Structures are given as structure tokens and as C-alpha cells.
Number of protein chains: 2
Amino acid sequence: MLSFDSCVEWLKSHDDYLIINHRNPDGDALGSAAALCRGLRQAGKRARVLENPNMTERYAEWVREYGSGDFEPRKIISVDLADENIIQTNASELIGRVDLSIDHHPSNTHYAANEFILPGKASCGEIIYMLLRAISGGIDSETATLLYIAVTTDTGCFRYKNTSPDTLRAGAELLEAGAPIDLNRVLFMKKRRSRLALESLIIGSLEFFMDGEAVIGYITSDMLERSGATDDDMDDIASVTGQVQGVETSVTMRQTAPETWKISVRTGQYSNADLICAEFGGGGHGMAAGGTIEGSRESAAETVKAAVRKHWKEK
Amino acid sequence: MLSFDSCVEWLKSHDDYLIINHRNPDGDALGSAAALCRGLRQAGKRARVLENPNMTERYAEWVREYGSGDFEPRKIISVDLADENIIQTNASELIGRVDLSIDHHPSNTHYAANEFILPGKASCGEIIYMLLRAISGGIDSETATLLYIAVTTDTGCFRYKNTSPDTLRAGAELLEAGAPIDLNRVLFMKKRRSRLALESLIIGSLEFFMDGEAVIGYITSDMLERSGATDDDMDDIASVTGQVQGVETSVTMRQTAPETWKISVRTGQYSNADLICAEFGGGGHGMAAGGTIEGSRESAAETVKAAVRKHWKEK
């Protein structure tokens, strides 16, 4: 683990950076990678982001330009990547070769030669922001916008309980540096009609257990077809199941193949999503984690329910 | 208009305060009133909040205790009350007798003998926070909680575009002073099943106009009955209609009597909700305003549509 100062020094003393992140990248992964790339370029470095083939259209307009750069990479930096097992799909040949991991996941598997991990931070974007201020003294409005996307994505626009006073202050400074407040509307308050249709189908599918304090919501292939929803409608979809009052643990099971279910688990203060998902080989944060289960809808649901029960804590 | 210092001096030099707010009080009205009451009491004053008969259960647990106090009021303070026409229903005999109005509405009608109005503030809670710091030097965790409810209610938990860097810093300080971050979950991320059922009915009722950039959503008596939704499910209900992507102006029409419609208008950067609602005798903020229209569903909708069209600005 590098100290903050030595991480800054490391970034200043090398060059020709290739920046990567995780598959199914969210706003924190994409915003952090693009912001780091822009900041390094402004500090006189060559840097590019390895374009992520699973990026949703939602973020493309802000981050796409950082995918270009004509040089042979000499240093590989991963951002927001807890485990090489979930490295972006076109970067598998970089496994074992990451020179620096910048991350905020407590579950980081320490795969990189160097690392700067602050598990107390709500987003990787907050860490990139600290580093760029130290490297360049400040950030411009484009970098502020990218970091604002990162910070707000991982905190549900300052609503999730990982939001700290420092997160809010970072948000204040990023707005002052030029991030447009209207991003909130675009990213957090607007939904496509197909997304809204899918949400009402999910609400209709809810199965409660543990005396109504736990719930499973389904996203089957059939529901996707009926709503017209696509991958672009899936950002933070697990929050739909999580919004039911009185529910402590919520599970979203999304069918990605006839017998394959992508599981997202959200927990409140009495359980631990990371531990629940570790039961079937997944992981993440204490209050939001995920994994994959093979099998029928019924057997996959039973596996999840058993894991939720095992880590249930009475209030 | 009092200066900040003279408002602080006014509050310090009088006593026996009765604090009132507006009908259909939201978290900003209730949290601001209760926080001011608590802060004044801690500064050695007698103060109580006139209990608001339209208060929803949602906020009762935090604010109820400020309704008691055995003294004859000598000064009346209104908070978050833009116009005496919408004074809380049990305070009509106080019209014309308000000694101090503390408010953040640009549309304030200047009805009070003294006023401290900061129209640039996203919430009345931010103003109360400034005043209490000046009066007492600081706030305790209960006051921080009340002010956090106020600030987050009027900003959609820091998502609406009225959120300023100062709003986020106030949020940071209130968390540090003891407001529990879990309030976000309780107030902004959890919905009762009846609320979720109503939301899907509203989505099903949407009528688009202005080439899909404006929309009306309905809440009829019949929909309330079918969903089982009550007044406790109505907080910020206008945001349901406002969430459709591509929509610039959204209108929510709620039936409160067979021929009476409560109108809420939300606008983006190309229109003005306050001006739209002024067309039928309502008002509010530039991006969120309301009013009432009598008549059939069709005629009320036509009135609203005409007002939206009149104030439409091309992008």
C-alpha cells in the first residue's frame, strides 16, 4: 500500500499510462478512469483509457474521448477494480500485470504491484479527486464533471449511507469547479419509458420472505421483452427492489441466460451484502454486493434465500 | 427586510414565540419550524410550534414534541410561508399579525411586519441553520436532524437543481453535528407498497403534449382507491410525472373533490413553473409551483395545457 504522497510521486514519475476498470462499468469506474486520464494528460503525461466494451450509452458522451492515444503503454493503472476476476472483458491479458490499483473496495484482493486503496471512501472518484488536486493543484470543469459523475453514481446522488461529510464537500467543490448541477436530473431523476415499464413489472414480481423484511425481485428475459428494456435501462436497477418500506435485505435476480442469474443484494444496517454474496462466490461492499448463480429460477432463489438467512441478524 | 444581524438581534431581543407554517406542510416547513423552536428554547426563550393539522405521519415522530408550551404568545414567526393565503388551516386568525417571516420563496408576498427572506437558498432550513449558529454558536444532534430533514426535503436529497455548493456544505455540517445518514433511506429511498402501486397507475395515465416534451399525469379518486394510497403517500408525488426522460415540463393533476384539481408543475431550464401556475392563480418557485383548478378533468387539463403553451420557450 502506497502512502498518499508516494502515490502522487509514483504518478508524477512514470509515464505512458493505460487505465482500465471493471466489466459492466458504472459511473464511478468510467468517470474515475476518464478523470484520471484527463488529469494525467494535463500534467504532461501520455495516458489513455482502454475503452470498455460493456459501457452503456448513458456515459459514452462524457468518457469516449479518453479512449484514444497513440503510444505503447508502459504502466497499467486499474481504477475501481476490486478483483482481477472482474477485469473489463477486453483486458484479460493484463491480469497479473497491473502496476497500480486505485480503489475504494474493502474487498480488494491486492492483485497489483502497487496500490492506493481507501476503503472508507464512498467512491473511487473521491480518491482520484484527492490525487489530481495534489498532482495539478486543481481541476478544470471537464474533470470536475467526470468526477461528479463518479461520486454521485456510487452514492445514489448523495443518498446512500456511504455518503460522508467529505463526500458532500467533494460534491460542493466539484460543482464550484464547473460540474453542472443538471447532471443530477439527467443521471438520477429521468427514466426512459422502457425503464419505467420494467420497474412496474419488477414491483409486480416481488416475493417477500423473513416476515416481510427480505424481498426478491425478478428481471426475467420475458419481462425485458415486454418492457422493451435494454442494457441501457439497467443502471442501479437493484434499487427498485430495495425501495420497499420495511425491507431490510433486498435481492434482485436478473436472468442473463436461460439458467444464469445475475444477483444483486442490498442490505440495511442489520445484515451484510458482501458476506451474503460470498456464499455463492460473489462479493462487493457491506451494503451492496453481487454474484452469479446457475440454475432454474426456483433453485437460484433458494440459494440466495439460504445465504440471506445465514447472515441474518436480529434487530 | 431585516439584515442577517438585525434578524439575529430581533430573535434574541424578544420572547414567547409562536411558530407557524403553511398548509400541506412538507419536511422543510416542519423541520424548519421545529428546529427554530428547539434553537430558541436552547437560547433561553419560550417557543412553541402551532401544530399543523395537515402534517403527514411521515414527519410526526421528529416534530410533534415542539407543539407544546404553556405561555401566551407575544411574537408570531412564520417559516417557509410565501403567502398568507396558504397559512396553515388552524392559523387563519393570525393573518395580518405575523411579526417575522423567515422564508426562501422568491414569490413571498411581504405580508409580515419584519422579514428575512433569502430567495437564493434551496430550503428554509438553510436559513434557520445560519440563524441558529449565530444565536447559539452551534446546534445539537436533534436540531441537526430537523434541519437535515428540511434541507433534504426541498432539494430531493441534494438532487434538484436548486442544490448549491452551500447546500451540500450545510448537509456535511449537519451530518457532523449528528443528523443520521440513515434518514436518506427512510425519507428518500423507501416507499410503502400503496405508494408504489399508485406510482404505476400514474405512469399508466401519462398524456404527452408539446411533441412529447410536456406531460400530464393524473391522480384521480379512483386511482387512490385502487392503490390504497392515502395522504401519507403523497409527499413529492409530482416527481413521478417529472421523471420521464425527454420531458421538459410535467404536470400532476390530483383530484381532491369531484370537480377540484390540485395542480403541481415542474419545469426544466426552458420554462418557468411559477409563471405557468400564476395563470390560474397559483405560484411557487421557478422550477416547482402549484395551484388549484375547478372543473372537469378535461377542462382543468385544457387550462393547464394553455398555461404551459403560453410560457413555452423553444430550446
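What counts and how
- Residues numbered from 1 in each chain as written.
- Chains lettered and ligands numbered in written order.
- Predicted model: local features only at pLDDT ≥ 70, side-chain atom pairs only at ≥ 80, totals over all residues.
- Heavy atoms only, no water.
- Salt bridge = Lys/Arg side-chain N within 4 Å of Asp/Glu carboxyl O.
- Helix = DSSP H or I, 4+ residues; strand = E, 2+ residues; numbered from the N terminus.
- Buried < 20%, exposed > 50% of the residue type's maximum accessible area, 1.4 Å probe, protein only.
- Contact = heavy atoms within 4.5 Å.
- Buried area = accessible area lost by both parts, 1.4 Å probe.
- Polar contact = N/O pair within 3.5 Å; in protein donor to acceptor, adjacent residues only side chain to side chain.
- Nonpolar A, V, L, I, M, F, W, Y, C, P; charged D, E, K, R; others polar.
- Pairing = 2+ DSSP bridges.
- Axes fitted to C-alpha atoms, helices over the stretch in contact; angles between N-to-C directions.
- Domains from an automatic or database assignment.

### Observations regarding the pattern of salt bridges
Inference 1: For the structure shown, the criterion picks out 38 salt bridges over all chains.
Inference 2: E173 of chain A is the salt-bridge partner of R133 of chain A, the closest N and O atoms lying 3.2 Å from each other. With R133 of chain A in helix α4 (residues 124-136) and E173 of chain A in helix α6 (residues 165-176), this pair connects stretches of sequence that are 40 residues apart.
Inference 3: Judged by relative accessible area, R133 of chain A falls into the partly exposed class, the value being 35%.
Inference 4: A salt bridge links R46 of chain B to D16 of chain B; the nearest nitrogen and oxygen atoms lie 2.5 Å apart. Here R46 of chain B, found in the loop between α2 (27-42) and β2 (47-49), pairs with D16 of chain B, found in the loop between α1 (4-13) and β1 (17-20); they are 30 residues apart in sequence, far enough to count as distant.

### Examining the interface of chain A and chain B
Inference 1: Facing 38 residues of chain A, the contacting portion of chain B comprises 38 residues.
Inference 2: Together, the buried faces of chain A and chain B total about 3500 Å²; carbon and sulfur atoms form 58% of this surface.
Inference 3: Across the salt bridge formed by E176 of chain A and R169 of chain B, the nearest N and O atoms sit 2.8 Å from each other.
Inference 4: For the interface between chain A and chain B, the tally reads 18 residue pairs in polar contact (both at pLDDT 80 or more).
Inference 5: Listing elements by their share of the side of chain A that touches chain B, those giving two or more residues are α6, α7 (182-189) and α8 (193-205) of chain A.
Inference 6: Top element by residues in the side of chain A that touches chain B is α6 of chain A. It accounts for eight residues.
Inference 7: For the side of chain A that touches chain B, the residue count by class is 15 nonpolar, 11 polar and 12 charged.

### Things to note about the pairing of strand β8 (residues 249-257) of chain A
Along any regular strand, the residues point their side chains to alternate faces of the sheet.
Residues and elements named next belong to chain A.
Inference 1: The element β8 is largely enclosed, with a buried count of seven among its nine residues.
Inference 2: As judged from the six bridges shared by strand β7 (residues 214-219) and β8, these two strands associate in the parallel manner. Directly across from Y218, in β8, lies its bridge partner M253.
Inference 3: Where β8 meets strand β9 (residues 260-267), eight bridges bridge the pair, whose relative direction is antiparallel.

### Overview of the sheet that holds strand β4 (residues 100-103) of chain A
Residues and elements named next belong to chain A.
Inference 1: Spatial strand order, β2-β1-β3-β4-β5: five strands in an open sheet with parallel pairing. The open sheet has two edge strands with one neighbour each: β2 (47-49) and β5 (114-117). Between one strand axis and the next, the sheet turns by 20° as a mean value, whatever way the strands run.
Inference 2: Both strand β1 (residues 17-20) and strand β3 (residues 75-79) contribute to a ladder of four bridges, which runs parallel. Within β3, the position partnered with L18 by the bridge is I76.
Inference 3: Each of β3, β4 and β5 touches α4; the most contacted strand, β4, lies at about 115° to it.

### What about the side chain of R38 of chain B?
Residue and element names in this part refer to chain B.
Inference 1: Relative to the helices and strands, R38 is located in helix α2.
Inference 2: Of note is the side chain of R38, whose polar atom sits 3.5 Å from the side chain of E142.
Inference 3: Looking at R38, its side chain comes within polar contact range of the side chain of T143, at 3.4 Å.
Inference 4: In this view, R38 contacts E65, Y66, D140, E142, T143 and L146; residues no more than four positions away in its chain are not counted.

### Some details on the domain arrangement of chain A
Residues and elements named next belong to chain A.
Inference 1: The domain boundaries assigned to chain A delineate domain 1 (4-187) and domain 2 (193-310).
Inference 2: Here the C-alpha centre of domain 2 lies 27 Å away from the C-alpha centre of domain 1.
Inference 3: Between domain 1 and domain 2 lies a buried interface of about 890 Å² when both sides are counted; carbon and sulfur atoms form 51% of it.
Inference 4: Counting the surface domain 1 buries against domain 2, the share from its top three residues, T56, Y160 and K161, is 43%.
Inference 5: At the surface where domain 1 touches domain 2, the tally comes to one salt bridge.
Inference 6: Across the pair D235 and R58 runs a salt bridge whose closest N-O atoms are separated by 3.2 Å.
Inference 7: Counted by class, the side of domain 1 that touches domain 2 contains three nonpolar, six polar and three charged residues.

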